[in-house]
Amino acid sequence: MTIAVERDTGSNNAVPNARKKIGIPKEIYPGECRVAATPTTVKVLQKQGFEVLIEQSAGETANFSDRAYENVNCQILPNAAALWEQADIILKVRPPQPEEVDRLPEKKTIISFIWPAQNGELLDKLAERQATVLAMDAIPRISRAQKLDALSSMANIAGYRAVIEAANQFGRFFTGQITAAGKVPPAKVMIIGAGVAGLAAIGAARSLGAVVRAFDTRPAVKEQVQSLGAEFLELEFAEDGTGSGGYAKTMSKEFIAAEMALFAQQAKDVDIIITTALIPGKKAPLLITQEMVDNMKPGSVVVDLAAEQGGNCEVTRPNEIYQHNGVTIIGLTDLPSRMAAQSSQLYGTNLCHLLKDMGGAEDYKVNLEDEVIRGALVLKEGEVTWPPPQKPAPVNTQKAPTTPAPQPAKVAEDKKPSKMVWVWLGLAGLTLLGIGLGAPASFLSHFMVFVLSCFVGWQVIWNVTPALHTPLMSVTNAISGIVILGGMLQISGSLTSATTILGAMAIVVATINIAGGFLVSQRMLNMFQK
């Protein structure tokens, strides 16, 4: 049964309301262990109304047995030919291999990684079969499509696995240790590229206790790097590497020369280098030269996540781990496949979200008006639709704000103090004069200290920013303690004397202030506890 898609003018290619069959073939690409659907995602597809067919032993390399698929009412087919013939929609991980294209019936739908920029010959063969093809690697990187972003899902796993592979080849601990047998310094890791893979690698390396440094041409990722506890390496260069779709762009020759000098300097100091730099549709940029590798310390490790696209390291050999002048070069291209169960689950979930956005089984359609579907569509019934048309830049129709005419500056009016102010100042002066004439000399000295302490205390508390009020409580508590000691010295006399009463009042007030200070400080400390 094939998908009947209307070819006329409409942008929505509807499929008749029959129970659509999804086929999950076994991946035949050498070393590929992932599968496009797990028993968990199969149940999601069935809830969307699809019938799921799977080739025998398709999930074994990802530790999903045929019995696990049978338990979720999945139909097991004995061979690939039967599956490709019966299924309406084929879900795959790797692009179809030549033998798979040969067995593909006409007018089928394939959803997988395609890499249309690098696989023009594959597109031509699929076009001859009048296939409809959606590329998971062409999903637009917009907020609404994050749940479909299979590239990020796989990059996250690749970055994490890169650290695990590096730790396996590295000759000592990642974290620093002090033992009876001696001191072990922490490993120093430099990660080039702070995209999804780079950030995952930073998190994994930091969790193992390494000292992590990261570099990226996009200044916007600096805060993300620092939030994970890594040091962000910066160049004093006024150039931004932020490109479209969240990727980095190609930099100028001057910038590249500056960053290469930085990498050469860091290569002499770090123990592990992980490179993740890739620009879609282009060969991987060369970032680590042979000379840099030769200058690395013996026992160091280089992990090149761009090995499949030519590599960021000059001495990388794709799909190999080997020694170069005492430095281990890891050029594995199947890092997500080395965590096949986790990778298959994430990728299968991305596919479920895509099929749900396409209407599920009941309302399945290729909606050309949907920005996400249109971006992922590379073939529509044999017609090449990739790359998608670029949206014109939005035109600003708002009028520029007019600058108001300058107004003549207003002359500030001299504010004369009111008569009441002079009255109060006069009364205060007379009061102080009367106290000075009638009070003993000892009282005047104490009174002067009292006035000065009030003034200094007011300046200290009132002019301090509110953010520092809590730390100030320790100071005020100390002052209150001095007040309590002074009050205790004054209550040794008669209970009816003014000195004793004032001393007792000072002790009570200062005690309240100390208790309140400790209470507020404790509440503030509790806010920082997990």
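All values derive from a computational prediction rather than experimental measurement.

### Focus: the sheet that holds strand S7 (residues 132-135)
Reasoning step 1: As summarised here, the arrangement of the eight strands in space is S4-S3-S2-S5-S6-S7-S18-S19, forming an open sheet in which the pairing is mixed. Of all the strands in the sheet, the pair left with one neighbour each is strand S4 (75-77) and strand S19 (383-384).
Reasoning step 2: In terms of strand pairing, strand S6 (residues 109-112) meets S7 through four bridges, oriented parallel. Within the sheet, the bridge partner assigned to serine 112 lies in S7 and is alanine 135.
Reasoning step 3: Along the sheet, helix H11 (residues 340-357) contacts strand S2 (21-24), strand S5 (89-91) and S6; its crossing angle with S6, the most-contacted strand, is approximately 135°.

### With respect to the pattern of salt bridges
Reasoning step 1: Evaluated as defined, the whole model comprises 21 salt bridges.
Reasoning step 2: The salt bridge involving arginine 172 is made with aspartate 271; its shortest N-O contact spans 3.3 Å. Residue arginine 172 is found in the loop between helix H6 (150-169) and strand S8 (177-179), and its partner aspartate 271 is found in the loop between helix H9 (253-267) and strand S13 (272-275); the two are separated by 99 residues along the sequence.
Reasoning step 3: Lysine 188 is the salt-bridge partner of aspartate 269, the closest N and O atoms lying 3.2 Å from each other. In this pair, aspartate 269 is assigned in the loop between H9 and S13 and lysine 188 in strand S10 (residues 188-192), connecting sequence segments 81 residues apart.
Reasoning step 4: Assessed through its relative accessible area of 27%, aspartate 269 is described here as partly exposed.
Reasoning step 5: Shared partners join several salt bridges into a network, and the residues in it are Glu32, Arg34, Arg94 and Glu308.

### Describing H9
Reasoning step 1: For H9, spanning 15 residues, the distance from its first C-alpha to its last is 21 Å, which sits close to the expected 21 Å at 1.5 Å a residue.
Reasoning step 2: Among the residues of H9, Phe255, Glu259, Met260, Leu262, Phe263, Gln266 and Ala267 are the ones counted as buried. Along the axis of H9, the buried residues cluster in a sector spanning 160°; they form a single face. Facing away from the buried side of H9 by over 90 degrees, the exposed positions are Lys253, Glu254 and Gln265.
Reasoning step 3: Of the surrounding elements, those touching the buried residues of H9 are S10, strand S11 (211-215), strand S12 (231-233), S13 and helix H10 (290-294).

### Overview of the side chain of arginine 218
Reasoning step 1: Its location among the elements puts arginine 218 in the loop between S11 and helix H8 (222-227).
Reasoning step 2: Overall, arginine 218 belongs to the buried group, its relative accessible area being 11%.
Reasoning step 3: Within polar-contact distance, the side chain of arginine 218 engages the side chain of aspartate 216 at 2.8 Å.

### Overview of the confidence of the model for the chain
Reasoning step 1: On average, the chain scores 85 in pLDDT, and the residues at 70 or more come to 82%.
Reasoning step 2: This stretch, residues 408-415, has a pLDDT under 50; its non-local contacts, to residues over four places away or in other chains, come to zero contacts.

### Topic: the nonpolar core
Reasoning step 1: Counting residues in hydrophobic clusters, the biggest one holds 44 residues, and the most contacted among them are Ile24, Leu91, Ile111 and Tyr347.
Reasoning step 2: Every element with two or more residues in this core is listed here: S2, helix H1 (39-47), strand S3 (51-55), S5, H6, H11 and helix H12 (371-376).
Reasoning step 3: Per-element accounting of this core gives the leading share, six residues, to H11.
Reasoning step 4: With residues near it in sequence (within four places) discarded, isoleucine 111 still touches Ile89, Ile90, Leu91, Lys92, Leu134, Met136, Tyr347, Leu351, Leu354 and Leu355.

### A short note on unusual backbone geometry
Reasoning step 1: Omega for the peptide link from tryptophan 386 to proline 387 comes to 0°, which places this bond in the cis form.
Reasoning step 2: Locating proline 387 in the fold gives a position in the loop between S19 and helix H13 (419-438).

### Some words on a nonpolar patch on the surface
Reasoning step 1: A grouping of Met420, Val423, Trp424, Leu427, Leu430, Leu433 and Leu437 is seen on the molecular surface, where their side chains present a nonpolar patch of about 800 Å² in accessible area.
Reasoning step 2: In this fold, valine 423 is placed in helix H13.

### Remarks on the packing of H1 against H11
Reasoning step 1: At a minimum axis separation of 9 Å, H1 and H11 run at an interaxial angle of 10°. Classified by the interaxial angle, the pair formed by H1 and H11 is roughly parallel. For the pair formed by H1 and H11, the contact residues are Thr40, Thr41, Val44 and Leu45 on the first element and Gln345, Gly348, Thr349, Cys352 and Leu355 on the second.

### Comments concerning the pairing of S11
For a regular strand, side chains alternate in direction, first toward one face of the sheet and then toward the other.
Reasoning step 1: Burial analysis of S11 places four of its five residues in the buried class, which makes it a mostly covered element.
Reasoning step 2: The pairing of S10 with S11 spans five bridges and is classified as parallel. Among the inter-strand pairings, methionine 190 is bridged to a residue of S11, identified as arginine 213.
Reasoning step 3: As for the winding sense of the linkage, the β-α-β connection from S10 through helix H7 (residues 196-207) to S11 is right-handed.

Criteria and cut-off values
Residues numbered from 1 in each chain as written. Predicted model: local features only at pLDDT ≥ 70, side-chain atom pairs only at ≥ 80, totals over all residues. Heavy atoms only, no water. Pairing = 2+ DSSP bridges. Helix = DSSP H or I, 4+ residues; strand = E, 2+ residues; numbered from the N terminus. Contact = heavy atoms within 4.5 Å. Axes fitted to C-alpha atoms, helices over the stretch in contact; angles between N-to-C directions. Salt bridge = Lys/Arg side-chain N within 4 Å of Asp/Glu carboxyl O. Buried < 20%, exposed > 50% of the residue type's maximum accessible area, 1.4 Å probe, protein only. Expected span 1.5 Å × (residues − 1). Arc of directions from axis to C-beta. Polar contact = N/O pair within 3.5 Å; in protein donor to acceptor, adjacent residues only side chain to side chain. pLDDT = per-residue confidence, 0-100. Core = buried A, V, L, I, M, F, W, Y, C linked by side-chain atoms within 4.5 Å. Patch = residues over 30% accessible without salt bridge, like charges linked within 9 Å, V, L, I, M, F, W, Y side chains within 5 Å. Areas by Shrake-Rupley, 256 points an atom, 1.4 Å probe, with all protein chains shown as cover. Parallel < 35°, antiparallel > 145°, perpendicular 65-115°, else oblique. Right-handed = clockwise from strand over helix to strand, strands pointing away.

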